[in-house]
Amino acid sequence: MPTTSGSAKWQGGIKDGKGAISTKSGALKDYPYGFASRFEGKPGSNPEELIGAAHAACFTMALSLILGEAKLTAEQMETRADVTLEKQGDGFAIASSHLTLTAKIPGVDKATFDDLTAKAKAGCPLSKLMNAKITLDATLL
């Protein structure tokens, strides 16, 4: 399997410093991040936002694979992952990732849909990576 990468640069202290993130693909190139974008809602990115996007993408791809194995194909799937950072002891930890899926999948009943989405949630490589509570709300259109 291929190995890919992301990178980060940082200059300055924790509150007044500035960072930039990049991805190997070039999808992000020196995109700003810092304390203000992470903790104060200011413009820029942060690690939790990136993990959310990655978790949503990973789960959705895992579900697509599982649907294919069940001879089903999604017409449309949209997933959001809300990643929560919490203070724990002397530091911080990602406490949870809540996946919200809306999907249109011809030919699937609700029970099968619920079973397949649960398998995707558990089997997604990013779900396996995170030491956090992972929850899912899945809506079949």
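All values derive from a computational prediction rather than experimental measurement. (Residues numbered from 1 in each chain as written. Predicted model: local features only at pLDDT ≥ 70, side-chain atom pairs only at ≥ 80, totals over all residues. Heavy atoms only, no water.)

(A) Inspection of helix α3 (residues 110-123) at higher detail. For α3, built from 14 residues, the straight-helix expectation of 20 Å at 1.5 Å per residue is met to within 8% by its first-to-last C-alpha distance of 20 Å. Buried residues of α3: Phe113, Leu116, Thr117 and Ala120, and no others. Buried residues of α3, viewed axially, fall in a sector of 100°; they line one side. In α3, those exposed residues whose orientation departs by more than 90 degrees from the buried face are Ala111 and Ala122. On its buried side, α3 packs onto α2 (47-69), β5 (91-104) and β6 (133-140). Here α3 starts with a cap whose side-chain oxygen sits 3.1 Å from the backbone nitrogen of alanine 111, and that cap is aspartate 109. (Helix = DSSP H or I, 4+ residues; strand = E, 2+ residues; numbered from the N terminus. Expected span 1.5 Å × (residues − 1). Buried < 20%, exposed > 50% of the residue type's maximum accessible area, 1.4 Å probe, protein only. Arc of directions from axis to C-beta. Contact = heavy atoms within 4.5 Å. Polar contact = N/O pair within 3.5 Å; in protein donor to acceptor, adjacent residues only side chain to side chain.)

(B) Layout of the sheet that holds β5. With mixed pairing, three strands are arranged side by side in an open sheet as β4-β5-β6. Only two strands of the sheet have a single neighbouring strand rather than two, namely β4 (76-88) and β6. Taking each pair of neighbouring strands and ignoring which way they run, the sheet shows an average axis angle of 15°. With 13 bridges joining them, β4 and β5 adopt antiparallel strand pairing. Within β5, the residue paired with valine 83 across the bridge is serine 97. Lying over the sheet, α2 contacts β4, β5 and β6, oriented at roughly 140° with respect to β4. Against the sheet, α3 contacts β5 and β6, and its axis sits at roughly 150° relative to β6. (Pairing = 2+ DSSP bridges. Axes fitted to C-alpha atoms, helices over the stretch in contact; angles between N-to-C directions.)

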